[in-house]
Amino acid sequence: MTRPPKDREEQRPADEPPADRMPMTIPRVAEMKKAGDPIVMVTAYDFPSAQVAEESGVDMVLVGDTAAMVVLGHDATTPVGMDEMLILTSAVRRGLKAPLLIGDMPFGSYEKSNEEAIENARRFVKEAGVDAVKLERGGPSVDRARAIIRSGIPVIGHVGLTPQTATALGGFKAQGRTAEAAAKLAEETLALQSVGCFTVVFEAIPAKVTEALMPRLEVPVIGIGAGPATDGQVLVFHDLLGIYEGHQPRFVRRYAEVRREMVDGVRSYTEDVRAGRFPDEEHSYSISPEELEAFRRYLDEEALVGTDTPWDW
Ligand code: KIV
């Protein structure tokens, strides 16, 4: 007797996410921390990168203001504005189903007042369909985070190296490398936790500082250059896939060399066009011999050679 073919779900390798996996939720993030399940976050900035994130089975997708650098070509994150972030985030929304979608509040979109912070967080929800927003720093940002959370929008905090204020921090370098600086980080994180942030990102912090701090925290922590003790990890899409050629921080591990493949592909196309190898028959459309003959007769009769005959569509 022949066995019926297995359905797709039964054939799925153990390390592949289920095709119809449940959408990620905010309470699930806390459950994952409690269960010790590593939380995986990646950035995305457009429809195809969102589809890649979806298919790869990540838990959260951040439309980071790193878009300013890796997508828009600036040398810092500060130039990107709300309107650009909303265009990118909407495209990511269209490519995403299960992961939680986070919009990164750009520099200048939340610092001035709680009202402005709430207004821009709302734009992320209403115009781009995010599940939550992220903002940088402790200090005055704690009050902004509280206001946004009270308005009904979940918030992720971000401490350590906060690229929007990198100049004030002395450049793109690790933070919390003295006892005093590490204590400040601990206080900022506890403040963000106390106002209800559902996650905090730790960026460029000594692994031992993270390790010492983690047992004191209830809030889930996602690290980028903060060592292995956090509840999860985040990397920038263009860094981990080897698409971005700018400065690579120490914490980046490249899992692919996609840019090299892209250059090879476009170079081959260029060579084929120049050598007359593209397009060939396979990539061209056909017409029946009768229709072609009729068209040729028309050309002969009308003597259409370089005249200024108006187009009649
Ligand atoms: O903007 C971004 O991509 C980020 C991540 C690096 C956490 O903030």
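Summarised in this report is the structure supplied together with it. Note that this is a predicted model, so its numbers are computed, not measured. (Residues numbered from 1 in each chain as written. Predicted model: local features only at pLDDT ≥ 70, side-chain atom pairs only at ≥ 80, totals over all residues. Heavy atoms only, no water.)

On to the layout of surface pockets. Volume-wise, the largest pocket comes out at about 710 Å³. In this structure, the largest pocket is lined by 34 residues; those nearest its centre are Leu161, Phe172, Glu203, Pro249 and Phe251. Where the lining of the largest pocket is concerned, the elements lending two or more residues are strand 1 (39-43), helix 4 (67-70) and strand 6 (199-203). (1 Å grid on protein atoms, 1.4 Å probe; cavity = no way out; pocket = protein on both sides within 12 Å on 5 of 7 lines; lining within 4 Å. Points joined across faces, edges and corners; volume = space filled by probe spheres on them. Helix = DSSP H or I, 4+ residues; strand = E, 2+ residues; numbered from the N terminus.)

On inspection of all chains with the given rule, the structure shows 2 aromatic pairs. Residues Tyr269 and Phe278 carry aromatic rings whose centres are separated by 6.0 Å and whose planes lie at 70° to one another, so their mutual orientation is edge-to-face. Given the relative accessible area of 34%, Phe278 is considered partly exposed. When the centroid spacing of 6.3 Å and the interplanar angle of 20° are considered together, the rings of Phe295 and Tyr298 count as stacked. (Phe/Tyr/Trp six-rings, centres within 6.5 Å; stacked < 30°, edge-to-face > 60°. Buried < 20%, exposed > 50% of the residue type's maximum accessible area, 1.4 Å probe, protein only.)

Within the secondary structure, Asp59 sits in the loop between helix 3 (47-56) and strand 2 (60-63). No salt bridge is formed by the buried Asp59; its nearest oppositely charged neighbour, Arg21, is found at 4.9 Å. Only 2.8 Å separates the side chain of Asp59 from the backbone nitrogen of Val40, close enough to count as a polar contact. For Asp59, the residues in contact, after removing those within four places along its chain, are Met24, Met32, Pro38, Ile39, Val40, Pro99 and Leu100. (Lys, Arg positive; Asp, Glu negative; His and termini not counted. Salt bridge = Lys/Arg side-chain N within 4 Å of Asp/Glu carboxyl O. Polar contact = N/O pair within 3.5 Å; in protein donor to acceptor, adjacent residues only side chain to side chain. Contact = heavy atoms within 4.5 Å.)

Here we take up the site of the ligand. Taken together, Thr43, Leu62, Gly64, Asp65, Thr66, Asp104, Lys134, His158, Ile224 and Val236 are the residues near the ligand. Side-chain polar atom of Thr66 to an oxygen atom of the ligand: 2.5 Å apart, as the coordinates give it. For the ligand, an oxygen atom lies 3.1 Å from a polar atom in the side chain of Asp104. The protein chains hide 97% of the 260 Å² of surface that the ligand would expose on its own. Of the pockets mapped on this structure, the ligand occupies the largest pocket. For the shell around the ligand, the per-class residue count stands at 3 nonpolar, 4 polar and 3 charged. (Near = heavy atom within 4 Å. Areas by Shrake-Rupley, 256 points an atom, 1.4 Å probe, with all protein chains shown as cover. Sits in = over half its atoms within 2 Å of the grid points. Nonpolar A, V, L, I, M, F, W, Y, C, P; charged D, E, K, R; others polar.)

On to the nonpolar core, then. Counting 76 residues, the largest nonpolar core has Met60, Val61, Ile102, Val133, Ile148 and Phe202 as its most contacted members. With residues up to four places along the chain from it excluded, the contact list for Ile148 reads Met105, Ala117, Ile118, Ala121, Val133, Leu135, Ile153 and Val155. (Core = buried A, V, L, I, M, F, W, Y, C linked by side-chain atoms within 4.5 Å.)

Residues Phe278 and Pro279 are joined by a peptide bond in cis, for which omega reads 0°. Residue position: Pro279 is located in the loop between helix 11 (258-274) and helix 12 (289-302). With a phi angle near 85°, Arg137 is a residue other than glycine that sits in the positive phi range. Looking at the secondary structure, you find Arg137 in the loop between strand 4 (132-134) and helix 7 (140-150). A positive phi is found at Ala204, a non-glycine position, where the angle reads about 55°.

Let us now look at the packing of helix 6 (residues 114-128) against helix 7. Running from N to C, helix 6 and helix 7 point in directions that differ by 50°, and their axes come no closer than 9 Å. When the axes of helix 6 and helix 7 are compared, the pair comes out oblique. Of the two elements, helix 6 crosses helix 7, and the hand of that crossing is right-handed. Residues Asn114, Ala117, Ile118 and Ala121 of helix 6 touch helix 7, and the partners they reach there are Asp143, Arg144, Ala147 and Ile148. (Axes fitted to C-alpha atoms, helices over the stretch in contact; angles between N-to-C directions. Parallel < 35°, antiparallel > 145°, perpendicular 65-115°, else oblique. Left-handed = near helix turned anticlockwise from the far one by under 90°.)

Attention now moves to a negative patch on the surface. Taken together, the side chains of Glu293, Asp300, Glu301 and Glu302 make up a negatively charged region of the molecular surface. On the secondary structure map, Glu293 appears in helix 12. On the basis of relative accessibility, which here comes to 40%, the residue Glu293 falls in the partly exposed class. (Patch = residues over 30% accessible without salt bridge, like charges linked within 9 Å, V, L, I, M, F, W, Y side chains within 5 Å. Charge placed at Lys NZ, Arg CZ, Asp CG, Glu CD.)

This part covers the environment of Phe278. Take Phe278: it is sitting in the loop between helix 11 and helix 12. Expressed as a C-alpha distance, the spacing of Phe278 and Gly95, which sit 183 residues apart in the sequence, is 32 Å. Those residues within four positions of Phe278 in sequence are excluded, and the remaining contacts are Tyr269, Asp272, Val273 and His283.

Relative to the 21 Å expected for 15 residues at 1.5 Å per residue, helix 6 spans 21 Å between its end C-alpha atoms, a close match to the ideal helical length. Listed in full, the buried residues belonging to helix 6 are Ala117, Ile118, Asn120, Ala121, Phe124 and Ala128. Of the surrounding elements, those touching the buried residues of helix 6 are helix 5 (82-94), strand 3 (100-104), strand 4 and helix 7. Gly129 occupies a position one or two residues after helix 6 and carries a positive phi of about 70°. (Expected span 1.5 Å × (residues − 1).)

Examined against the element boundaries, Tyr45 turns out to sit in the loop between strand 1 and helix 3. Residue classification places Tyr45 among the buried positions, given a relative accessible area of 1%. Taking the C-alpha atoms as reference, Tyr45 lies 8.7 Å from Met85; in sequence the two are 40 residues apart. Residue contacts for Tyr45: discarding those within four places in its chain leaves Val63, Gly64, Thr66, Ala67, Val70, Val71, Leu88, Val92, Val236, Phe237 and His238. At 2.6 Å, the side chain of Tyr45 forms a polar contact with the side chain of Thr66.

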